[in-house]
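One-letter residues, chain by chain:
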Amino acid sequence: ERVRVIPSPTRIKSSPEDVLMDKRRRGGIEAAEVVESGMDVGLGTGSTTAWAIAAIGWKLESGELEDIRGVATSLQSHDLARELDIPLTDVDEFESLDVAIDGADQWDPENPHVVKGGGASHAREKLIDEMADRLVVATDDEKQSTPLSHPVPLSVLPESRNVAQSWVKEQGGDPQLRYAEKKDGPLFTANGNLIVDCDFGEIDDIEGRATDLARIPGAQEHGLFVDVVDDVIYGADDGVEHVE
Ligand code: 5RP
């Protein structure tokens, strides 16, 4: 007779992907703690911020929070917030916001800078994150780097894609046009622009790099968020850490 051996739960290992997702979940949920009743809140984009949005929704439902007005940085965060009955308002109703919670593709533990735009929403994210009196980045410990070295997304007018790429090369970068997931053509942003991911390796002079990217003809917005981060709340192996 054959005996089927069922591994004990302690012997079942989580995959690295599960561990990472768990860190993001913890970082996102903890970040929602900064939201207080009566606040106008920027709602960021991505898998980590989705947990912050979910936590805000749960707190509204339980009555722990009330009178929140959310401003979404993307269609993705707008739809999620709507599903969770978070009241939403248009960005141009405001000149400033109390707080924004947003994700990052890479963050610098020694400086208040991040690279964003992995979800192609960095233009609207920059508008809303800069409007906030306090920007809280919700993230995980695997994305930290000093200096930042992640390729920087640059959104460009479609007709400037070639000139933009040649300017990036002249600035010492390696530009890659971003393709849609199905690889059936370039990815267009919600505003109809293309994305060029610009790899510069380690970015030692971040202000200079941001200025140079902004000068590229046809450039609409780049994903360097310089001197704008107030707090980083990140999931780590041992729980959640908060850098203020
Ligand atoms: C979208 C972004 C995201 O915030 C960034 O890509 C992080 O996403 P995730 O939390 O899924 O890793 O900048 O434009």
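Please read all numbers here as calculations on a predicted model, not as lab measurements.

Reading the values: the criteria
- Residues numbered from 1 in each chain as written.
- Predicted model: local features only at pLDDT ≥ 70, side-chain atom pairs only at ≥ 80, totals over all residues.
- Heavy atoms only, no water.
- Buried < 20%, exposed > 50% of the residue type's maximum accessible area, 1.4 Å probe, protein only.
- Helix = DSSP H or I, 4+ residues; strand = E, 2+ residues; numbered from the N terminus.
- Pairing = 2+ DSSP bridges.
- Right-handed = clockwise from strand over helix to strand, strands pointing away.
- Patch = residues over 30% accessible without salt bridge, like charges linked within 9 Å, V, L, I, M, F, W, Y side chains within 5 Å.
- Areas by Shrake-Rupley, 256 points an atom, 1.4 Å probe, with all protein chains shown as cover.
- Salt bridge = Lys/Arg side-chain N within 4 Å of Asp/Glu carboxyl O.
- Lys, Arg positive; Asp, Glu negative; His and termini not counted.
- Charge placed at Lys NZ, Arg CZ, Asp CG, Glu CD.
- Axes fitted to C-alpha atoms, helices over the stretch in contact; angles between N-to-C directions.

The next point concerns the pairing of strand β1 (residues 40-43). Burial of the side chains of β1 extends over both faces: Asp 40 and Gly 42 are buried on one face and Val 41 and Leu 43 on the other. As paired strands, β1 and strand β2 (residues 69-72) are joined by 4 bridges and run parallel to one another. Looking at β2, one finds that Asp 40 is bridged to Arg 69. Handedness of the crossover is the feature at issue here: the chain leaves β1, passes through helix α2 (residues 47-62), returns alongside β2, and the resulting connection is right-handed.

Attention now goes to the environment of Leu 157. Position of Leu 157 among the secondary structure elements: in the loop between β7 (152-156) and α5 (161-170). For Leu 157, a relative accessible area of 38% translates into the label partly exposed. For Leu 157 and Ala 219, which are 62 residues apart along the polypeptide, the C-alpha to C-alpha distance reads 6.6 Å.

Here the focus is a negative patch on the surface. On the surface, Glu 202, Asp 204, Asp 205, Glu 207 and Asp 227 cluster together into a negatively charged patch. Along the chain, Asp 204 falls in the loop between β9 (194-199) and α6 (206-214).

The 4 strands are arranged β8-β9-β7-β10 in an open sheet whose pairing can be described as antiparallel. Each end of this open sheet is capped by a strand with a single partner; those strands are β8 (174-177) and β10 (219-222). Averaged over neighbouring strand pairs, the angle between their axes works out to 30 degrees when direction is ignored. Sheet analysis places β7 next to β10, joined by 3 bridges and oriented antiparallel. Within β10, the residue paired with Val 156 across the bridge is Ala 219.

Let us look at the pairing of β9. For β9, the tally of buried residues reaches 5 of 6 residues, placing the bulk of the element in the interior. Where β7 lies against β9, 5 bridges are found, and the strand directions are antiparallel. Note that in β9 the partner of Ser 155 across the bridge is Ile 195. Of the pairings in the sheet, the one linking β8 to β9 comprises 4 bridges and is antiparallel in character. For Pro 175, the partnering residue across the bridge sits in β9 and is Cys 198.

Function cannot be inferred from these measures alone, as they are strictly geometric.
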